[in-house]
Amino acid sequence: MLTAQMCAHFLHFPGVEWLVTVAAVVAVSIALAAGLTHEDLGLGRAGLRSGGRYALVIVLAVVVVVVVGVAIPPTRELFQNDAYRDLGHALLAAFVVIPFQTVLPEELFFRGVLFGSLRRLTTPTRALLIQAVLFGCWHVVTSLGLTAGNAGLSDLFGQTVFAQVIGVVVAVAVTAAAGVLLGWLRVRSDSLLAPIALHWAANGIGAVGAALAWRFGG
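These figures come from a predicted structure and were not determined experimentally.

Definitions and cut-offs
Residues numbered from 1 in each chain as written. Predicted model: local features only at pLDDT ≥ 70, side-chain atom pairs only at ≥ 80, totals over all residues. Heavy atoms only, no water. Helix = DSSP H or I, 4+ residues; strand = E, 2+ residues; numbered from the N terminus. Rg over C-alpha atoms; globule rule 2.2 N^0.38 Å. Phe/Tyr/Trp six-rings, centres within 6.5 Å; stacked < 30°, edge-to-face > 60°. Buried < 20%, exposed > 50% of the residue type's maximum accessible area, 1.4 Å probe, protein only. Lys NZ or Arg CZ within 6 Å of the ring centre and 35° of its normal. Patch = residues over 30% accessible without salt bridge, like charges linked within 9 Å, V, L, I, M, F, W, Y side chains within 5 Å. Areas by Shrake-Rupley, 256 points an atom, 1.4 Å probe, with all protein chains shown as cover. Salt bridge = Lys/Arg side-chain N within 4 Å of Asp/Glu carboxyl O. Contact = heavy atoms within 4.5 Å. Axes fitted to C-alpha atoms, helices over the stretch in contact; angles between N-to-C directions. Left-handed = near helix turned anticlockwise from the far one by under 90°.

Caption draft 1: The arrangement of the overall build of the protein chain in detail. Summing up its helical and strand segments, the protein chain has nine helices and zero strands in all. For the protein chain, the α and β elements follow one another from N to C terminus as α-α-α-α-α-α-α-α-α. Its C-alpha atoms give the protein chain a radius of gyration of 18 Å, within 12% of the compact-globule value 17 Å for 218 residues. Expressed as lengths along the three principal axes of its C-alpha atoms, the size of the protein chain is roughly 55 × 35 × 35 Å.

Rendered as structure tokens:
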């Protein structure tokens, strides 16, 4: 997975952006072949109903938070990500790029394969914490330009090397904390649907919120 991520981030050739997705599918296939069950991976039928309920509530809650955040001028600037200035691009990202290149691969691997494997080797709490820390570290590469690409964060920290380091540290800490929450949802709902919903909502709805923030905020 890490090799696929590095290639997808630093190399440029047709289809490279799908390497992480392919790697996640391969990891799931290997895990199943090695003896993990669909239930170990959060893909069992028994958890679908519970996971679906969690997913619905989560998506609605994030929609409310983003709408309120974009509507209030003091917080609107924090949503103004340069990557999503155009609404059409934001919608494409929200419903194609983010779910299939980010959310599904990461959830299948971290809350699916990794957590399922760790839970067979140690306690659920330790498994949850280990996958969360690794999930945070996973975001080092993708957070290198975080402060430069966000108007609100640039105003707070500037665009120096120090600011870049701050951006990486903040991103790792925040995503590790998110990994704890996503892992908890995986355990609580006994399904990957709940963490998938939260992960997609935070990124996908956030992308649309960013485009709206630019449109309404200038």
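Caption draft 2: Region of the structure containing the environment of His-12. Within the element layout of this structure, His-12 appears in the loop between helix H1 (2–10) and helix H2 (19–33). Once the C-alpha coordinates of His-12 and Val-169 are considered, the two residues, 157 residues apart in sequence, prove to be 26 Å apart.

Caption draft 3: Layout of unusual backbone geometry. A positive phi is found at Asp-190, a non-glycine position, where the angle reads about 60°. With respect to the secondary-structure elements, Asp-190 resides in the loop between helix H8 (161–189) and helix H9 (193–217).

Caption draft 4: Summary view of the packing of aromatic side chains. One pass over the full model with this rule turns up four aromatic pairs. The interplanar angle of 50° and the centroid separation of 5.8 Å between the aromatic rings of Phe-95 and Trp-200 together place this pair among those described as tilted. Separated by 105 residues along the polypeptide, Phe-95 in helix H5 (residues 87–121) and Trp-200 in helix H9 bring together distant segments of the chain. On the numbers, 5.2 Å between centres and 70° between planes, the contact of Phe-110 with Phe-135 is edge-to-face. Separated by 25 residues along the polypeptide, Phe-110 in helix H5 and Phe-135 in helix H6 (residues 124–138) bring together distant segments of the chain. Residues Phe-110 and Phe-135 agree in their burial class; the two are buried. Ring pairs connect the aromatic residues Phe-109, Phe-110, Phe-135 and Trp-138, which therefore count as one cluster. Taking NZ or CZ as reference, Arg-85 lies 3.6 Å from the ring centre of Trp-214, over its face. Just above the ring of Phe-135 sits the side chain of Arg-111; from NZ or CZ to the centre is 4.2 Å.

Caption draft 5: Main features of a nonpolar patch on the surface. A contiguous nonpolar surface patch, about 860 Å² in accessible area, is contributed by Trp-18, Val-22, Val-26, Ile-30, Leu-91, Leu-92, Phe-95, Val-96, Val-97 and Phe-100. Among the secondary structure elements, those contributing two or more residues to the nonpolar patch are H2 and H5. For the nonpolar patch, the leading source of residues is H5, giving six residues. Within the secondary structure, Phe-100 is located in helix H5.

Caption draft 6: Inspection of the side chain of His-139 at higher detail. One can find His-139 in the loop between H6 and helix H7 (151–157). Look at His-139 and you get buried, because its relative accessible area is 13%. Setting aside residues no more than four positions away along its own chain, His-139 makes contact with Glu-106 and Thr-175.

Caption draft 7: Just the pattern of salt bridges, in detail. Evaluation of the coordinates by the stated rule reveals four salt bridges. Residues Asp-40 and Arg-120 are paired through a salt bridge, measuring 2.7 Å at the closest nitrogen-oxygen approach. Of the two residues, Asp-40 is situated in the loop between H2 and helix H3 (48–71) and Arg-120 in helix H5; the sequence distance between them amounts to 80 residues. On the accessibility criterion, Asp-40 (15% relative accessible area) is buried.

Caption draft 8: Structural context of the packing of H5 against H6. At a closest axis distance of 9 Å, the pairing of H5 and H6 adopts a crossing angle of 145°. Between H5 and H6 lies a crossing whose hand is right-handed. Along its contact with H5, which presents Glu-106, Phe-110, Arg-111, Leu-114, Phe-115, Leu-118 and Arg-119, the element H6 presents Pro-124, Ala-127, Leu-128, Ile-130, Gln-131, Leu-134, Phe-135 and Trp-138.

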